[in-house]
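Listed below are the residues making up each chain.
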Amino acid sequence: MDLVSLILFQVCVLVNSVNVVDEYEPETTINRIAFGSCNKIRDRSNGLLTSNPVWTKIKQRNPDIFLWTGDAVYANGKNRSADLEFLYRSQLEIPEYKALLESGVIIEGTWDDHDYGKNDAGRYYKEKNKSQELFQNFLGVPQDSPRRARSGVYSSRLFGKEQSVLLINLDTRFFRDNHYIPSMSNLEWMPMSALVAAVIRGMCAFLGMGSNYEGQVLGDEQFKWLETVLSETNADVNIMISSIQFLTSNPVVESWGHFPVAQQRLLDLLKRTNPKGLLILSGDVHFSEFIGAQQLSEITSSGITHSCTTPWFGFSCSLIVESFGEHRLPDTKAYTAQNWGSLDIDWEHRTILATIHDVHGNAVMNITKSIDDDVDSMLLRDDYPTVYAHSLPAFVVAVAVIIAAIVVVGVVLAVVGRLASSQAYKRKIN
């Protein structure tokens, strides 16, 4: 192929890539990306945070983009849409976050369940269309963007020419089916419903219930869109954001692993399309880890304002997280304190440095990935662990935790029932 033909070929490839993305910014070169998830701006007394220094630390890293990887706010109450609108407005008014926006950093990302509107919710959430409008308003998506015309918040955005980065935001809520056993987190009258839901997820995995479940995560429409984007991309780096973890073997948390057919379908798509410099970012779980394989790596960062050690049962977090670690990259561990992440792209040496930072901005762990890693050469090893396959020690530990959780939930329910009966009896005799 002569020089002219080569140039024409590259132009055609670039044109094809541009045609399938929502936004293209050829003059913007991306060198550093910051990302994070799980951001509560209400404290335990239901008061609003008026300041959060972590945003100053993020700003000091001088990122070109900040990516929300889920749960930018936590809605509650009877009128979720009104609460979401209020919380988004409040987040935008936090001085340190406002300063980050005013610095010119690009804000992008996707949602998870709490900024979708309801814990563990999927496609049956009735207010999802209003939630979409509010979330896109929060991100500053232009009113004439094609993103406004579609159902769901999935999107793609391409930056740069010779050094190009494609952001792919997946929506794991709008079209997602129920779990094999529907999540109890939707029963908000139930004390510790989220803990009960986690116990049920673990039980299903240990007993093999749902190992062939055909429930969808993305839905057909979004998957076809993603297939087109991945088939046409010629970007040097492809960053795919999934709010829930994609490659974890931890059966307690929400993940793609509880939707095994959908997970395998996406794995097959990634292997078939083989996007260059692929990295997956996720949030949701309230701790951080590096998972997958060198050729297909996932970086989880969660959460900005709280972690799995924050609740009263936080003492069990490290035990559970370390019991299910087979999916992690070699010689890496989980980080269970508050955190956020960053990606530094070294275009000269064709590498990406992925770092997890504590709330003070200090690097607590990192890995380096080559942009030229070939997904097709080794997507995942044959014995890669899933949520349905665990070693005996992990099983024993998990069963012990589950039994303890059931006992605690049972006690709480008994106390609540006893109090309710007592109050009813007092009203009756009076």
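Owing to the predicted nature of the structure, the values given are computational and were not obtained by experimental measurement. (Residues numbered from 1 in each chain as written. Predicted model: local features only at pLDDT ≥ 70, side-chain atom pairs only at ≥ 80, totals over all residues. Heavy atoms only, no water.)

Describing the state of the cysteines
Let me state the cut-off plainly: In this description, a disulfide is simply a cysteine sulfur pair whose atoms lie within 2.5 Å. A 1.4 Å probe rolled over the protein chains alone gives each residue an accessible area, and that area as a share of the maximum for its type sets the label: buried under 20%, exposed over 50%, partly exposed in between.
The full count for this structure, using the stated rule, is one disulfide. One disulfide bridge connects C308 with C317, the sulfur atoms lying 1.7 Å from each other. Given an S-S torsion of about -45°, the disulfide between C308 and C317 has left-handed geometry. Here C308 and C317 have matching classes, each one buried.

Focus: the nonpolar core
Inclusion rule: Note on terminology: a nonpolar core comprises buried Ala, Val, Leu, Ile, Met, Phe, Trp, Tyr and Cys residues joined through side-chain atoms within 4.5 Å. Residue contacts follow a heavy-atom distance rule, with two residues in contact if any of their heavy atoms lie within 4.5 Å.
Judged by nonpolar contacts, the single largest core of 64 residues is most densely connected at W55, F66, W68, I168, L226, M240 and W256. Beyond its immediate stretch of four places on either side in the chain, W55 contacts N39, F66, W68, Q91, I94, E96, Y97, L100 and I304. By size, the runner-up hydrophobic cluster in this structure holds 26 residues, among which are I30, I33, F159 and I299.

Observations regarding the pattern of salt bridges
Here is the rule we go by: Salt bridges are counted wherever a side-chain nitrogen of Lys or Arg sits within 4 Å of a carboxyl oxygen of Asp or Glu. Only DSSP runs of H or I covering at least 4 residues are called helices, and only runs of E covering at least 2 are called strands; the numbering of each starts at the N terminus.
Per the stated rule, a full pass over the model turns up 24 salt bridges. Ionic pairing is found between E27 and K161, a salt bridge with its closest N-O pair at 3.3 Å. In this pair, E27 is assigned in the loop between β1 (23–25) and β2 (32–36) and K161 in the loop between β5 (155–159) and β6 (165–169), connecting sequence segments 134 residues apart. A residue is classified by how much of its surface remains accessible, and E27, at 65% relative accessible area, is exposed. Given the relative accessible area of 43%, K161 is considered partly exposed. R350 is the salt-bridge partner of D372, the closest N and O atoms lying 3.0 Å from each other. Residue D372 is located in the loop between β13 (363–370) and α12 (392–429), and its partner R350 is located in the loop between β11 (340–346) and β12 (351–357); the two are separated by 22 residues in the primary sequence. Each member of the salt-bridge network shares a partner with another, and the members are E23, E25, E108, R147 and R157.

Looking at the confidence of the model for the chain
To keep it simple, the criterion reads: What pLDDT conveys is the predictor's confidence in a given residue, as a value from 0 to 100.
Chain-level pLDDT for the chain is 88 on average; 84% of the residues reach the 70-or-more range. Across residues 3–16, confidence stays below pLDDT 50; counting only partners more than four residues off in sequence or on other chains, it has five contacts.

A short note on the sheet that holds strand β10 (residues 296–300)
For the record, the criterion: Strand pairing is assigned whenever DSSP detects at least two bridges linking the two strands. Whenever a helix is involved, its axis is fitted only over the stretch in contact; in every case the axis is a line through C-alpha atoms, and angles between N-to-C directions fall within 0 to 180 degrees.
Taken in spatial order, the seven strands of this open sheet run β1-β5-β6-β7-β8-β10-β9, and their pairing is mixed. Every other strand in the sheet has two partners, leaving β1 and β9 (289–293) as the edge strands with one partner each. In this sheet, neighbouring strand axes are inclined to one another by 20° on average, regardless of whether the strands run parallel or antiparallel. The sheet contact formed by strand β7 (residues 237–241) and strand β8 (residues 278–282) spans four bridges and is parallel. If you follow M240 over to β8, its bridge partner there is I280. Against the sheet, helix α9 (residues 219–232) engages β5, β6 and β7, with an angle of about 170° to β6.

Digging into the packing of α9 against helix α10 (residues 260–273)
Rule in force here: In this scheme, roughly parallel covers angles under 35 degrees and roughly antiparallel covers those over 145, while 65 to 115 is roughly perpendicular and the rest are oblique. Handedness of a crossing follows from how the near helix is turned relative to the far one, being left-handed for an anticlockwise turn of less than a right angle and right-handed for a clockwise one. In this count, Pro and Cys sit with the nonpolar residues alongside Ala, Val, Leu, Ile, Met, Phe, Trp and Tyr, while Asp, Glu, Lys and Arg are called charged and the others, Gly among them, polar.
For the pair α9 and α10, the least separation of the axes is 9 Å and the interaxial angle reads 20°. In terms of orientation, α9 and α10 fall into the roughly parallel class. In the packing of α9 onto α10, the handedness of the crossing is right-handed. Of the residues in α10, those in contact with D220, F223, L226, E227, L230 and S231 of α9 are R265, L266, L269, L270, R272 and T273. When grouped by side-chain class, the residues that make up the contact of α9 with α10 number six nonpolar, two polar and four charged.

With respect to the pairing of β13
As paired strands, β12 and β13 are joined by seven bridges and run antiparallel to one another. Bridge pairing in β13 places T351 opposite S370. As consecutive antiparallel partners, β12 and β13 are separated by five residues, and within that stretch G361 has a phi angle of approximately 90°, a positive value.

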